[in-house]
Structure formats: structure tokens, C-alpha cells
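Descriptive structure summary
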Number of protein chains: 2
Amino acid sequence: MLQLTRDGEYAVRALVYLASQPDGKISLISEISETQEVPKSYLSKIMQHLVRSGLVKSRRGAKGGFVLARPAHQITLRQTIEAMEGPIHLNVCLIKKGECHRDDLCPVHPVWRDAQSKLIEVLDSKTMADLVRDAEKLQRTGNKTEARRVEVK
Amino acid sequence: MLQLTRDGEYAVRALVYLASQPDGKISLISEISETQEVPKSYLSKIMQHLVRSGLVKSRRGAKGGFVLARPAHQITLRQTIEAMEGPIHLNVCLIKKGECHRDDLCPVHPVWRDAQSKLIEVLDSKTMADLVRDAEKLQRTGNKTEARRVEVK
DNA sequence: AGCATTAAGACTAAATTCATCTTAATTGTC
DNA sequence: GACAATTAAGATGAATTTAGTCTTAATGCT
Ligand code: SF4
Ligand code: SF4
């Protein structure tokens, strides 16, 4: 299906949370889990994955927890999602040349390439720092969709 | 995963084939299956689905087969894919308002909306007629990727 | 030593994906 | 009317993915 998995979704929530914390602040699984509404033990697995991907650093033991591995403006939405799901390929023929042997003469192939590059462009253009800033703005103004909610009789 | 299913892929192949046929020509499952490299019995189920979705008309019995239900320029790539997979929603919060209760204050929500609308725009802009025309062009020139295949030592 | 915390990964249930197979229904032709 | 060709419908199933839980080990502060 053309839909983000829970893995990806939860990873984004976790990283946005970490990015919103004061510099150097260590966050606990339980803290992230509660505020971001992600099952605790599931989140634990996701955090492990993010550590291994190099986006997050962890410290074990008492006073342990998680911190971003680099500044929030150096972590994009795409990186976060790909850390969990692997590289984005909207169709098999975009995995690598030759994955679908029809690609040379296939008129649909270029369309998928186009669609994918536009999607990736959007995900590349948002960093965790951007998202935190956007979130602060929304705290004040509310989301635009709110305005569109019109009475339908 | 953010990837098209085989259902969608095969439906597109089938419709591009039907669109490439002379007007009024009836095509058989076996014919589509062979040229488009789709398992015959699997394709049969897909064609059923496309008939019920109103994109294709079928005729049973001897001399039966499949034809497009409307002109090729009135069938888009998006329609074809959505006929098999249902409406495209890159994330659950795009299914409908309230599907994710965090959407009002979520900074990621608008990003998904943006990404999805760009993806859909690409898929909406290509009709089966366009694709058939593109395919004819490729028959002559070959796909651009071909040119990029450079010797790597 | 003792406790809090993450690390690692085994385990599981449910859903989805990608088919195959069987049987029925329909229609053209002889 | 008999028969062959063809799609219609859907039951079945294996493999994979998804989403999540649980257990045990390792680590580090106090
Ligand atoms: S779109 Fe074309 S190239 Fe891509 S998988 Fe389908 S047939 Fe192959
Ligand atoms: S992106 Fe935001 S609104 Fe959308 S599902 Fe995730 S939390 Fe909910």
C-alpha cells in the first residue's frame, strides 16, 4: 500500500519530541511514550533502531535515556522515515536499474520516477527543527483544517 | 510501506494494454497475461475488480473478453491505481478528519498533505492515452535511463 | 550492592500480499 | 440443443509484513 507504517510514524513523533527538548536534555522512553502516544515497549524497539541508524544517541543505566545524535536542523523527515522503512521506492522499478526488465520501454516508469522525486523533495525539505518551529506556531493559531470545518446539513 | 502493490502495478499494465488496442477490439485474459507478464489466474481476479470499478467492460462466453469502458484519455493512472488499492492516503491522518486526533496541533500533518497532493497531481495528469503515446515514442527512442548507463570500473 | 534504565532480540497475532484453483455462469457456433 | 470457449465469483493458502509484547541481559549511577 502507498502508506506510511506505524514504525515510520512513531519514529517521526519520537524525533520531533527529542528535537523539542532543551539542549542536552536526556529523555526517557516512558516520557516519549506518554506524550507522543506510542506503546512503550514498541517505542523501545523503534528507539533502538534509530540509535543504530545514527539519528539518536542512547545512554544506559540510571540517568540514562535518549538524545538526538546531531542538531535538529540536520535531521530531515525523509531521513527519519528511511531509518525505519529503508529507502523510499514508490514502485519496484525504482529500487535499482534492472529490477523490472520492462523499464526501458515502459511508459509508466518515468511517471513513477517523477512522482517519487516530488514526494522525496517534500520530505527532504522539512527538518526536525522546522517541525518544532511549526508546532510552536500551531500552539498559537491551530491548524488550517480547523477553519474548513463547515456545518454540513 | 510506501510502495505500490502488485495489484496496482498489474492493473496499470492491463489498462495500458487495453488502451493500446484498436477501437472495439476485444482482448482475452491470456493475451493480456502473456504480453504484460502477469500470472493468468491472478490477472483474472484483477480484471474482475476493474470491471466492477467501471473502468473495463467484459463480455462472457465465446468471443468474449475485455474492452475499456470509456475512452483511454478519460482514464487516469490515479483512477487505475485507486480502483485496486482504494483511495491513496500517505498517512492515516489523511483518511479523514479525526482519524488521528493529534492532527490539529501536529506539525507533520501539513507536510503529508502537501506530499500527497503532489503525488496525486502526478498520477492525475497521466491518462492511458498519454501512456500509449509515450510508449510509441519509447519504441523509437528508448528510455532516457539508457543514456545514463555508463561504464563503472 | 541495588536500582533504574536501555539493548537485544525472541515471540506472537493479525493483516496484507500475491497468488492458485475450482466451480459456475454465459454466450457464440454448429 | 450440445458443446466449447470464455469470464465471474470466490474459496483457499503460503509467505511476508505489520504491530506489538515480553523476557533477559547489559550498563551505569548512587
Ligand atoms: S512501471 Fe513499468 S518499469 Fe515500473 S515496474 Fe511497472 S512495468 Fe516495470
Ligand atoms: S502526522 Fe501528525 S496528524 Fe498525521 S498521523 Fe502522525 S501525528 Fe497524526
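Above: the structure in question.
Residues numbered from 1 in each chain as written. Chains lettered and ligands numbered in written order. Predicted model: local features only at pLDDT ≥ 70, side-chain atom pairs only at ≥ 80, totals over all residues. Heavy atoms only, no water.

Concerning the protein's contact with DNA strand D
As a reminder, the rule being used: Proximity is defined per residue: if any heavy atom of the residue lies within 4 Å of a molecule or strand, that residue is considered near it. Here a polar contact is taken to be a pair of N or O atoms separated by no more than 3.5 Å, where protein atoms must pair a possible hydrogen donor with a possible acceptor and residues adjacent in sequence count only if both atoms sit in side chains. Only runs of H or I of at least four residues qualify as helices and only runs of E of at least two qualify as strands under DSSP, and these elements are numbered from the N terminus. Under the scheme applied, nonpolar residues are Ala, Val, Leu, Ile, Met, Phe, Trp, Tyr, Cys and Pro; charged residues are Asp, Glu, Lys and Arg; polar residues are all the others, including Gly.
In the neighbourhood of DNA strand D, 23 residues make up the surrounding shell, with Arg6(A), Arg60(A), Gln48(B), Ser58(B) and Arg60(B) lying closest. In the environment of DNA strand D, a base oxygen lies 3.0 Å from a nitrogen or oxygen atom belonging to the side chain of Lys45(A). Elements with a minimum of two residues in the surface near DNA strand D: helix H1 (6–20) and helix H3 (40–52) of chain A together with strand S1 (56–59) and strand S2 (65–68) of chain B. Among the elements that line the surface near DNA strand D, the one with the most residues is H3(A), at three residues. Of the residues assigned to the surface near DNA strand D, the class counts are nine nonpolar, seven polar and seven charged.

A few points about the protein's contact with DNA strand C
As a matter of local geometry, DNA strand C sits amid 22 residues, with Gln48(A), Ser58(A), Arg60(A), Arg6(B) and Arg60(B) nearest to it. For DNA strand C, the fraction of protein-proximal atoms (within 4 Å) that sit in sugar or phosphate groups is 74%. Backbone polar atom of Arg6(B) to a phosphate oxygen of DNA strand C: 2.7 Å apart, as the coordinates give it. Looking at the surface near DNA strand C, the elements that each hand over two or more residues are strand S1 (56–59) and strand S2 (65–68) of chain A together with helix H1 (6–20) and helix H3 (40–52) of chain B. The biggest single contributor to the surface near DNA strand C is H3(B), with three residues.

A word on the site of ligand 1
In the region of ligand 1, the neighbouring residues are Asn91(A), Val92(A), Cys93(A), Cys100(A), Arg102(A), Asp103(A), Cys106(A), Val108(A), His109(A), Trp112(A), Glu9(B) and Arg13(B). Mapping the residues near ligand 1 onto chains gives chains A and B. Broken down by class, the residue content of the shell around ligand 1 amounts to six nonpolar, two polar and four charged.

Comments concerning the nonpolar core
Here is a general trend for soluble globular proteins: nonpolar side chains tend to be buried in one another's company. Applicable threshold: We call a set of buried Ala, Val, Leu, Ile, Met, Phe, Trp, Tyr and Cys residues a nonpolar core when their side-chain atoms join them within 4.5 Å. Exposure is judged per residue with a 1.4 Å probe applied to protein chains only, and the accessible area is read against the type maximum: over 50% gives exposed, under 20% gives buried, and values in between give partly exposed. Here a residue-residue contact requires only that any non-hydrogen atoms of the pair lie within 4.5 Å.
Grouped together as the largest cluster of nonpolar side chains are 88 residues, with contacts concentrated most on Met47(A), Leu50(A), Met47(B) and Leu50(B). If we skip the residues at most four places from it in the chain, Met47(A) touches Ala14(A), Leu18(A), Ile29(A), Ile32(A), Val56(A) and Phe66(A).

Observations regarding the packing of aromatic side chains
To describe a pair of aromatic rings, you give the distance between the ring centres and the angle between the ring planes. All names here are of chain A. As a reminder, the rule being used: The pairing test for Phe, Tyr and Trp rings, Trp by its six-membered ring, is centres within 6.5 Å, and the orientation test on the planes gives stacked under 30 degrees, edge-to-face over 60, and tilted for anything in between.
Following the criterion strictly, the structure yields two aromatic pairs over all chains and no others. A ring pair is formed by tyrosine 10 and tyrosine 42, whose centres lie 5.6 Å apart and whose planes are at 85°; its orientation type is edge-to-face. One end of the pair, tyrosine 10, is in helix H1; the other, tyrosine 42, is in helix H3, and 32 residues separate them in sequence. On the basis of relative accessibility, which here comes to 10%, the residue tyrosine 10 falls in the buried class.

A short note on the interface of chain A and chain B
The criterion, for reference: The buried area of a pairing is the accessible area, by a 1.4 Å probe, that goes missing from both parts when the two are put together, added over both. By convention in these notes, a salt bridge is any Lys or Arg side-chain nitrogen within 4 Å of a carboxyl oxygen on Asp or Glu.
At the junction of the two partners, chain A supplies 55 residues and chain B supplies 55 residues. Here chain A and chain B share an interface that buries about 4,700 Å² over both sides, 59% of which is from carbon and sulfur atoms. It is Leu2(A), Gln3(A) and Arg102(A) that lose the most area in chain A upon contact with chain B, and together they represent 14% of the buried surface on that side. The interface formed by chain A and chain B contains two salt bridges. Glu37(B) is the partner of Arg102(A) in a salt bridge, and the nearest nitrogen-oxygen pair spans 2.6 Å. Connecting chain A to chain B are 12 residue pairs in polar contact (both at pLDDT 80 or more). Of all the secondary-structure elements, those providing two or more residues to the side of chain A that touches chain B are H1, helix H2 (29–36), helix H4 (77–85), helix H5 (109–124), helix H6 (128–141) and helix H7 (145–148) of chain A. Considering each element in turn, the side of chain A that touches chain B owes the most residues, 11 residues, to H5(A).

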